[in-house]
Every structure is written in C-alpha cells, then in structure tokens.
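# Fold and geometry: a report
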Amino acid sequence: MSFTGQSIASLAMAAFYTGMALLISILLARSMPLAEYGLYASILGHVMVLTALISGLPGYLIREIATADHGSEASVLAGLMRRALQGLMLVTGLVALGAWLVWQISPGDPQWWQGFVIGIGIFAGLGLLNILAAIMNGLGMPVLGQIAPSLVRPSVQLAVLIGIASFVPLNGTLALIVLLCALIAAILLASNMLRTVLAERPQAAPVYRDRIWLIGFATFGLATGFQRINQRLGTVTMEQLGTVEQVGLLQPAVEALLVMGLPVLAVMAILAPRLRKAILDGDPRAQQTLLDRAHWITFGSTVVLAAGVWMLGPSGIAAIFGPAFDATFPAVAIIAFGQVIAALFGNPLAVLVQADQERVAVAILLSAAVLNLICLYLLIPSFGIEGAALSTALSIVAGQLVMTVHCYRTLGLRTWLWLSARG
C-alpha cells in the first residue's frame, strides 16, 4: 500500500478511535457524579504522566526494528523484542514500588489509592499494547498494528461500560477496571496477530546490544516522555492549585488536546519507518517528499477537527458532557487553536528522532515542559481552566517552533508547512 493509502487508513482508524473516545467521555461524564469523574480523571492523569517513563519505547522500537529489518538482522530483531518486554516489566515493578513508598509516607485518600492500584495495571497494559503495535509498525505493517489499540480496545471499553451502566451506577473505580479489561482483550488480539506475522519470518537466536540500546532509549524516551508530561501537566497542576471538580471540568480540554493530536500520531505511524529507511539510504529527496505528504495530510486533518470543535460552542459542549461543562468551551477552543498552529510546523520531533538527534529533542521538549509549568502556576490562580489551556497551548507551539528551526538549519529538511509549500 502507498504512503498516502496507508496514511488514509491510519487516519480512518484514528477517526474511529476519536469517536469512541468521545462517546466514552460522554458516557462517563453523564453517568457519574462530578467528583467521581474528577477522581477517574485524576488517577488516569497520573497514570498517563507515569507512562512518560516508557512512552519513548514504542517509538524507539519502531526506529530500531526498521533498522534491523532494513539490514535483515533477525537476531537483533529478536533481541529487541525480548528486551522491550523485560524493560516494561522492570519499570512497572519500579512504579508499583514507588507508589507503595509514597502511600506509606503520605496515605491521603484511600479511595484514590484504591483506584491507583488499578492504574498500575493500566500502566502496564498500555505499555504492552503499544510495544506490540510498535513491533508490527517497525516490520512495515503499521495499519495492522493499529487495529488492537485503535479499534478493539475502545470498542470493548465502550460496550462493557454501556452494559454495566444498564444495571448499576458507574463510579471512578469501576470505570478504571473496565479500561483495564479492555486493554487485556486488545493485548490478546495483538499478541496473536504478531505471532502470525513472526511465524512467516526467519527465526534466529536473540542478540543483545544492551549498552547501545540503553543509551538510545534513555535519550529517546526522555524526548517523548517530556512531550507526554507536557500534555498532562495541566491536569496534575490543577489538582494541586484547584479542586477535584476543576480537574473534571478541565477534562474536555484535555480530551480535545489528545484528540487533535491524533492526526500527527496516525500519520507518524506511517511516516516513521519509511523516513528511517530513507535516512539509512541517504536519500534527501525521498525524505523531503515523505515529509511534504505527511505535513499536508496532518495539517488538513487538524484543521477539520478544529473547525468541528469551534462549531460546537458552549451549548454543544454542554450537550455532550452535561450542563456543568458549558463554561469549559473557552478552554477547549484555546487548545484547538493551539493545535492548529502547532500543526503548521509538521512533525519535527519525528525528523529529529529518526535522524538520531533525539538529544536535541530532549533539550527542547524539557524547556517546553518547564515553560508550561511556570505558566501554569502563573495563570491557573487567576484564570482557572482557561489559564491551564493557554499555558499548555503556548508550550506546545514553542517546542514545535524551535524543533522546526533546528531541522531546517542542521538537516536541511523543511518541516514548516509554509516552507514545504514554497520548496
């Protein structure tokens, strides 16, 4: 399948995932008291911040598996897969240990900690599902790799939530349990699909390049980890400076941020292994052609999503999430506008990490996260959820701009859409 064809298929699955995620959010917001919804959002927000510890692993796997596949190194491929699973188990154990220590020092709300125990399982499930998808992506089957996380997981989650809500009231803990069960179902399917794919390939004893992989993953993971942290800092900071109810009210803006980031992720899933192989082949024309196609598809999709968000208005937000959420529209609109501006710069992070310049990305994204944190503490006390949304949007755009300039000056690759159009 061509790059454009795969991108369209990936965007279609991203659109399906977006719709399902929206339905899940609507169901939870309408079926639970605001405090319970805030509890669910708080625990899930902390879990997503913790996934920054392993968020770089799928992307790093895509790059290294594509490299091993390009060089027909079956033994290196086997070693990468085994080390990825072992690394996930180790990090999950460390997260559980760290949570236990924090609980011993400062017990806090027992209900929150009860939910967070489930959150640790969600942490491991998300990591494993993303690893399985990344392996298939690196092997040149990105569309196949997205079936379980983008189609199966949200479908199972929504179906089970609807079934349970028909008999008993939903609460934050029960919603987390349902998410964990949906992850397990998706993992079982993805594992079976990958087993079928690998059965058709040459088998070899695993070879490990631990020192190289550890250094590479550490820097790669920091880059994507700071990006993930930056997206969730608003939720965590709002919990510290505001109330649980405000955390719940911020959730539509967080959902908008994640949903409008899906076109970038969907196209990047197709772009990353192809761009890596073009870089290994030393073909700058092929690299730029891939970036140009990816940028137009990504930007167009983001604008369509933003237009849909702006057309909703306060009444639309209230109709979706409930009457209490009508005042959240300004925050949602700010996030949508910020994502459109960020999309103008394409995906410079993909270029940096595929070109082995993830250390530069780390420095830029860390600076963006620090900027976000400073702005959050300055803006939330005066402007509430609107201040959190503005801070997040500004930091994301700033990071995109700096990475774009670096790509153009050092690699000669145009990641800014305007430059791409003129080039």
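The present account deals with the structure reproduced in this document. The structure displayed is predicted, hence computed values, not measured ones. (Residues numbered from 1 in each chain as written. Predicted model: local features only at pLDDT ≥ 70, side-chain atom pairs only at ≥ 80, totals over all residues. Heavy atoms only, no water.)

## A few points about the environment of M13
For the record, the criterion: Helix and strand assignments follow DSSP, with helices taken as H or I runs no shorter than four residues and strands as E runs no shorter than two, numbered in order from the N terminus. Only protein chains enter the accessibility calculation, which uses a 1.4 Å probe. A residue is then buried if its area is under 20% of the maximum for its type, exposed if over 50%, and partly exposed in between. Whether two residues are in contact is decided by their heavy atoms, any of which lying within 4.5 Å being enough.
By the element assignment, M13 lies in helix α1 (residues 3-31). Under the relative-accessibility criterion, M13 is labelled buried at 8%. In the structure, M13 is positioned 137 residues away from S150 in sequence and 6.1 Å away in space, judged by C-alpha atoms. Residues contacting M13, with those up to four places away along its chain left out, are V143, Q146, I147, S150 and L151.

## A look at empty space enclosed by the protein
Filter applied, for reference: Buriedness for pockets is judged along seven lines, at least five of which must meet protein on both sides within 12 Å for an open set on the 1 Å grid over protein atoms alone, while cavities are sets there where a 1.4 Å probe fits but cannot get out, and lining residues have an atom within 4 Å of a point. Grid points are joined across faces, edges and corners, and a volume is the space filled by probe spheres set on the points. Gly counts as polar in this scheme, as do all residues outside two lists: the nonpolar Ala, Val, Leu, Ile, Met, Phe, Trp, Tyr, Cys and Pro, and the charged Asp, Glu, Lys and Arg.
If you walk through the whole model with that rule in mind, you get three cavities of 30 Å³ or more. Approximately 70 Å³ is the volume attributed to the second largest cavity. Considering the residues around the second largest cavity, the lining is formed by Q231, G234, T235, L250, A253, V254, L257, I335, A388, A389 and T392. Elements supplying a minimum of two residues to the lining of the second largest cavity: α9 (210-241), α10 (244-260) and α15 (358-411). When residues of the lining of the second largest cavity are assigned to their parent elements, the largest contribution, four residues, is made by α10. Residues belonging to the lining of the second largest cavity are distributed by class as follows: seven nonpolar, four polar and no charged.

## Section: helix α4 (residues 74-105)
Keep this limit in mind: Here, expected helix span is obtained from the residue count minus one, scaled by 1.5 Å.
Here α4 is 32 residues long and its end C-alpha atoms lie 47 Å apart, about the 46 Å a rise of 1.5 Å per residue gives. Those residues of α4 lying buried are V76, L77, A78, G79, L80, M81, A84, L88, V91, T92, V95 and A99. Close packing links the buried residues of α4 with α2 (34-50), α3 (56-70), α5 (110-138), α8 (172-199) and α9.

## Regarding a nonpolar patch on the surface
Threshold: Residues form patches when they are more than 30% accessible in relative terms and have no salt bridge. Like charges link within 9 Å. Nonpolar side chains (Val, Leu, Ile, Met, Phe, Trp, Tyr) link within 5 Å. Accessible areas in this description were obtained via Shrake-Rupley with a 1.4 Å probe; residue shielding takes into account the shown protein chains only. When a carboxyl oxygen of Asp or Glu lies within 4 Å of a side-chain nitrogen of Lys or Arg, that pair is called a salt bridge.
A surface patch of nonpolar side chains, about 630 Å² in accessible area, is lined by L90, L94, L97, W100, L101 and W103. Within the secondary structure, L97 sits in helix α4. For L97, a relative accessible area of 45% corresponds to the partly exposed category.

## As for the layout of surface pockets
Rolled over the atoms, a probe with the dimensions of a water molecule shows which regions are left empty. When its volume is computed, the largest pocket comes out at roughly 460 Å³. The set of elements that each furnish at least two residues to the lining of the largest pocket consists of α3, α4, α5 and α8. Considering every element that reaches the lining of the largest pocket, the biggest residue donor is α4, with six residues. In terms of residue class, the lining of the largest pocket is made up of 13 nonpolar, three polar and five charged. Counted as a void, the second largest pocket has a volume near 380 Å³. Along the walls of the second largest pocket sit 16 residues, with L57, R83, G87, L214 and F217 positioned nearest its centre. For the lining of the second largest pocket, the secondary structure elements donating two or more residues are α3, α4 and α9.

## Regarding the nonpolar core
Note the following rule: The definition of a nonpolar core used throughout is a set of buried Ala, Val, Leu, Ile, Met, Phe, Trp, Tyr and Cys residues joined through side-chain atoms within 4.5 Å.
Judged by nonpolar contacts, the single largest core of 125 residues is most densely connected at L28, Y40 and L61. No other element matches α5, which puts 14 residues into this core.

## Comments concerning the side chain of T51
Topologically, T51 is positioned in the loop between α2 and α3. On the basis of relative accessibility, which here comes to 4%, the residue T51 falls in the buried class. Discounting residues that sit within four places of it in the chain, T51 has contacts with F123, L126 and R228.

## Here's the deal with the environment of D69
Tracing the chain through its elements places D69 in helix α3. Along the backbone, D69 and G79 are 10 residues apart, and their C-alpha atoms lie at a distance of 13 Å.

## Quick notes on the packing of aromatic side chains
Two measures describe an aromatic ring pair: the distance that separates the ring centres and the angle between the ring planes. The cut-off we apply is this: Ring pairs shown here join Phe, Tyr and Trp side chains whose ring centres sit within 6.5 Å, with only the six-membered ring taken for Trp; geometry is labelled stacked below 30 degrees between planes, edge-to-face above 60, and tilted in between.
Overall, the coordinates contain five aromatic pairs when judged by the stated rule. A centroid spacing of 5.2 Å and a plane angle of 80° characterise the contact between W112 and W113, whose relative ring orientation is edge-to-face. When sorted by exposure, W112 lands in the same class as W113, which is buried. Here the aromatic rings of W112 and F116 are separated by 5.1 Å at their centres, their planes lie at 10°, and the arrangement is stacked.

## As for the packing of α2 against α5
To characterise two packed helices, one gives the angle between the axes of the helices and the distance between these axes. To be explicit about the condition: To obtain each axis, a line is fitted to C-alpha atoms, and for helices this fit is confined to the stretch in contact; angles are then taken between N-to-C directions over 0 to 180 degrees. With respect to orientation, any angle under 35 degrees is reported as roughly parallel, any angle over 145 as roughly antiparallel, any angle of 65 to 115 as roughly perpendicular, and every other angle as oblique. Note on convention: near helix rotated counterclockwise from far helix by under a right angle means a left-handed crossing. Clockwise means right-handed.
At a closest axis distance of 9 Å, the pairing of α2 and α5 adopts a crossing angle of 45°. It follows that α2 is oblique to α5 by the angle criterion. The crossing of α2 and α5 is right-handed. Mapping the contact onto sequence places E36, L39, S42, I43, H46, V47, M48 and L50 in α2 and Q111, W112, G115, F116, G119, I122, F123 and L126 in α5. Of the residues that constitute the contact of α2 with α5, the class distribution is 10 nonpolar, five polar and one charged.

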